[in-house]
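Each chain, letter by letter, is given below.
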Amino acid sequence: IDSETRQQLIEEDPSSKDLIKPLLMGRDIKRWSISGDGRWMIVTPIGVKIKEYPAIFDHLKEWKAALQVRQDQGNHWWELRACAYYSEFEKPKIVFPDIAPRARFALDLDAHYLGNTGYIIPVQDLYLLGVLNSEAVNEFYVNLSSQVRGDYLRFIYQYVAQIPIPDAPKAEKRAIENLVQKCLDARGENCEAWEREIDERVAALYGL
């Protein structure tokens, strides 16, 4: 739903806010930053007491016919399918798009849910984020991943899981974390010098 619909549902019943979550798509995820454009998702897991959310229930009734014929529903037509990791979306996490021209990882601290064009790593780890966004990992990944649509890369589990993450002394991790935080604070703008230092430090950890 859009922001206007969200506001209407909350005005009708303030408890609606509990089931409406911010939603990201892959195109919203940039290197170091995310930029959602007012999309929201009504999250109704199996077992939700839907009648405690009358505004949302009335809204979903408008789409009942389509919701009833879904293959991926829960025990009732208003429920989403079973999912063991709904709670992970609520936590700080690293996010990345399904398809991108290069490594594009960011940190989400705002409990976004993701559509099927983005993925999550459920940790708040600035060192890992720096490694994943480094030029060394990008070059490694170009030779690993399948490519689509004009040499865009596919960031799916079977490839991302193969990225080797180097060990680093605590002082070096801390230095990379500090540089990553600067890139995050700048939302990826005008941070080329910090990125170059991250690249050099990560390359050294890989022995390059």
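An account of the accompanying structure is given in this report. Throughout this description, residue numbers start from 1 for each chain and increase along the sequence as written. The predicted nature of this model means local features are confined to residues of pLDDT at least 70 and side-chain atom pairs, given and counted, to a pLDDT of 80 or more, with totals for whole chains, interfaces and linings taken over all residues. Note: side-chain values were computed over all heavy atoms of the structure, leaving out hydrogens and water.

**Quick look at helix α1 (residues 3-12)**
When accessible area is computed with a 1.4 Å probe and restricted to protein chains, residues below 20% of their type maximum are described as buried, those above 50% as exposed, and intermediate ones as partly exposed. Only DSSP runs of H or I covering at least 4 residues are called helices, and only runs of E covering at least 2 are called strands; the numbering of each starts at the N terminus. Among all positions in α1, only Thr 5, Arg 6, Leu 9 and Ile 10 are buried. Buried residues of α1, seen end-on, are gathered within an arc of 135 degrees and therefore sit on one face of the element. Seen from the open side of α1, the exposed residues pointing more than 90 degrees away from its buried face are Glu 4, Glu 11 and Glu 12. Contacts were defined at the residue level, with two residues in contact if any of their heavy atoms lie within 4.5 Å. Each element contacted by the buried residues of α1 is listed here: β1 (20-24), β2 (40-42) and α2 (54-61). Comment: arc refers to directions from the helix axis out to C-beta atoms.

**Quick word on the packing of α1 against α2**
Working convention: axes come from line fits to C-alpha atoms, limited for helices to the stretch in contact. Angles between N-to-C directions cover 0 to 180 degrees. For the pair α1 and α2, interaxial distance at closest approach is 8 Å and the crossing angle is 130 degrees. Taken together, α1 and α2 sit at an angle that is classed as oblique. On α2, the residues touching Thr 5, Leu 9 and Glu 12 of α1 are Ala 55, Ile 56 and His 59. Gly falls in the polar group here, along with every residue not listed as nonpolar (Ala, Val, Leu, Ile, Met, Phe, Trp, Tyr, Cys, Pro) or charged (Asp, Glu, Lys, Arg). Grouping the amino acids of the contact of α1 with α2 by side-chain chemistry returns 3 nonpolar, 2 polar and 1 charged. Here the word oblique covers every angle except those under 35 degrees (roughly parallel), over 145 (roughly antiparallel) and from 65 to 115 (roughly perpendicular).

**Let's talk about the packing of aromatic side chains**
Between 30 and 60 degrees the pair is tilted, below 30 it is stacked and above 60 it is edge-to-face, where a pair is any two Phe, Tyr or Trp rings, Trp via its six-membered ring, whose centres lie within 6.5 Å. Throughout the structure, instances matching the rule amount to 9 aromatic pairs. For the pair Tyr 85 and Phe 89, a centre-to-centre distance of 5.8 Å together with 55 degrees between the ring planes defines the contact as tilted. Residue class for Tyr 85 comes out partly exposed when judged on its relative accessible area of 41%. You can call Phe 89 buried: its relative accessible area is 10%. Between Phe 96 and Tyr 119, the aromatic rings sit 5.8 Å apart at their centres with planes inclined by 40 degrees, giving tilted as the arrangement. Here the residue Phe 96 occupies a position in strand β3 (residues 93-97), and Tyr 119 occupies one in strand β7 (residues 118-121), the gap between them amounting to 23 residues. Judged by relative accessible area, which is 31%, Tyr 119 ranks as partly exposed. Cluster of aromatic residues (ring-pair linked, three or more members): Phe 96, Phe 105, Tyr 119, Tyr 141 and Phe 155. Over the face of the ring belonging to Trp 40 we find Arg 6, whose NZ or CZ atom lies 4.1 Å from the ring centre. Comment: the charge-over-ring label is applied if NZ (Lys) or CZ (Arg) is within 6 Å of the ring centre and within 35 degrees of the ring normal.

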